[in-house]
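Secondary and tertiary structure notes
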Amino acid sequence: METARRELWVEEPVGRRRLPDPVRTAAVRAVLIAALTLIQAVVAFFCTITASWLAFPMVLSSVGSTVVATWAVLDVWVTRQVWNQRHGVVSTPSSTARQLRRERRRARRAAHTEARAEAREAARIRGRRGAGDNRLSRA
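Residues numbered from 1 in each chain as written. Predicted model: local features only at pLDDT ≥ 70, side-chain atom pairs only at ≥ 80, totals over all residues. Heavy atoms only, no water.

Observations concerning unusual backbone geometry
The condition is simple: Helix and strand labels come from DSSP, where a helix needs a run of H or I of at least four residues and a strand needs a run of E of at least two; each type is numbered from the N terminus.
Here Ala-51, not a glycine, exhibits a phi torsion of approximately 55 degrees, which is positive. The residue Ala-51 is located in the loop between α1 (21-49) and α2 (55-87) in this model.

Re the packing of α1 against α2
Put simply, the rule is: The axes are straight lines fitted to the C-alpha atoms, using for helices just the contacting stretch, and the angles between their N-to-C directions are given from 0 to 180°. The scheme is simple: roughly parallel for angles under 35 degrees, roughly antiparallel for over 145, roughly perpendicular for 65 to 115, oblique for anything else. By definition, any crossing whose near helix is turned counterclockwise from its far helix by less than a right angle is left-handed, and any crossing with a clockwise turn is right-handed. Three classes are used, and their members are as follows: Ala, Val, Leu, Ile, Met, Phe, Trp, Tyr, Cys and Pro are nonpolar, Asp, Glu, Lys and Arg are charged, and the others, Gly among them, are polar.
One way to put it is that α1 packs onto α2 with a least axis distance of 8 Å and a crossing angle of 165 degrees. When the axis of α1 is compared with that of α2, the two are roughly antiparallel. Between α1 and α2 lies a crossing of left-handed hand. Partitioning the contact of α1 with α2 into residue classes produces 20 nonpolar, eight polar and three charged.

Here we look at the pattern of salt bridges
Going by this rule: Basic side-chain nitrogens of Lys or Arg form a salt bridge, by our definition, when they fall within 4 Å of a carboxyl oxygen of Asp or Glu. Per-residue accessibility, obtained with a 1.4 Å probe over protein chains only, is compared with the maximum for each type, and a residue is labelled buried under 20%, exposed over 50%, and partly exposed between these values.
In the structure shown here, the tally under the stated rule is four salt bridges. Asp-75 is the partner of Arg-29 in a salt bridge, and the nearest nitrogen-oxygen pair spans 2.8 Å. Placement of the pair is Arg-29 in helix α1 and Asp-75 in helix α2, with a sequence separation of 46 residues. Its relative accessible area of 40% is what places Arg-29 among the partly exposed residues.

Here it is in structure tokens:
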């Protein structure tokens, strides 16, 4: 009897979409900077407790690192906002605003196509009038 083979890897759909690349890059950078800041703060704390000469420089650099970590987190937020503004927010197809935009676009295209057809017809009529004069003179 042959046994059914089970797949080693089964992909399951995820609930949320993946972050855009620039936002994910900024988030990874912010997490790394925050982790290093926490490590630095712990080292500064232990140096302070042991009354090491390294305590003062470590505390100063920890304060600076905190400022940089805050900046990195704000960078994630700004990058996400910029991404949403440039690439738009995903909206449902039944959106009323989208439907109105679509109808306006159709009307504008129809008017543009009609105007082009009228211009083409006018040019054809003008061309025919000039060609008629030539035909009469040749006959």
